[in-house]
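For reference, the chains in residue letters:
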Amino acid sequence: MPKVRYRTVQEYMEKTGTNHTRLLARVKDETGRDISPQLFSMMLKGSRRCSHLNAFALHVVTGVPIDELRRWPRYAETENSRSVA
């Protein structure tokens, strides 16, 4: 059976029922990379850039493409209120 591919960390967490605590514990156990909950939250919100090392560690555990994890900046799904009509 082919491995499921997730487009984002959020999708991975929702589809697998994994919360941030378990995900960060798996990242540390499987890669040795220690990502703080505060930093992880900022990366998910897009207020902090995901470093290459953190992106690789998250990729190893989740399968989310590194390019997606490194994308910057992240904008909300809604229209940008600064756009001119």
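Residues numbered from 1 in each chain as written. Predicted model: local features only at pLDDT ≥ 70, side-chain atom pairs only at ≥ 80, totals over all residues. Heavy atoms only, no water.

A. Molecular detail of the overall build of the protein. Secondary structure summary: the protein contains five helices and zero strands in total. Reading the protein from its N end, one meets helices and strands in the order α-α-α-α-α. Classification of the 85 residues of the protein by burial places 28% in the buried group. Surface summary for the protein: the accessible area is close to 6,400 Å², and the carbon and sulfur share equals 52%. (Helix = DSSP H or I, 4+ residues; strand = E, 2+ residues; numbered from the N terminus. Buried < 20%, exposed > 50% of the residue type's maximum accessible area, 1.4 Å probe, protein only. Areas by Shrake-Rupley, 256 points an atom, 1.4 Å probe, with all protein chains shown as cover.)

B. Structural detail: the packing of aromatic side chains. Within this structure, the stated rule accounts for one aromatic pair. With a centroid separation of 5.2 Å and an interplanar angle of 85 degrees, the aromatic rings of Y6 and Y12 are classed as edge-to-face. The class for Y6 is buried, based on a relative accessible area of 13%. Overall, the relative accessible area of 5% leaves Y12 in the buried class. (Phe/Tyr/Trp six-rings, centres within 6.5 Å; stacked < 30°, edge-to-face > 60°.)

C. Spotlight on the nonpolar core. Residues V9, L23, V27, I35, F40, M43 and L58 are the most contacted members of the largest nonpolar core, which totals 18 residues. Mapped by element, the contributors of at least two residues to this core are α1 (9-16), α2 (20-31), α3 (37-45) and α4 (52-62). Take this core: its biggest share by element is four residues, from α4. Discounting chain neighbours no more than four positions away, the residues touching F40 are V9, M13, H20, L23, L24, I35 and L58. (Core = buried A, V, L, I, M, F, W, Y, C linked by side-chain atoms within 4.5 Å. Contact = heavy atoms within 4.5 Å.)

D. Fine view of α1. Those residues of α1 lying buried are V9, E11, Y12 and M13. Next to the buried residues of α1 lie α2, α3, α4 and α5 (66-70). Looking at the residues trailing α1, positive phi occurs at G17, about 70 degrees.

E. Molecular detail of the confidence of the model for the protein. For the protein, the average pLDDT comes to 86, and 82% of its residues sit at 70 or higher. Within the protein, the element-level pLDDT minimum falls on α5, averaging 94, and the maximum on α2, averaging 98. With pLDDT under 50 throughout, residues 77-85 is counted as low confidence; its partners more than four residues away or in other chains account for one contact. (pLDDT = per-residue confidence, 0-100.)

F. Inspection of the pattern of salt bridges at higher detail. Scanning all chains against the criterion turns up four salt bridges. Residues R7 and E11 are paired through a salt bridge, measuring 3.2 Å at the closest nitrogen-oxygen approach. On the basis of relative accessibility, which here comes to 13%, the residue E11 falls in the buried class. Salt-bridge contacts for E30 lead to R26; the nearest nitrogen and oxygen are separated by 2.9 Å. With E30 and R26 both in helix α2 and four residues apart, the pair spans about one turn of that helix. Judged by relative accessible area, which is 43%, E30 ranks as partly exposed. (Salt bridge = Lys/Arg side-chain N within 4 Å of Asp/Glu carboxyl O.)

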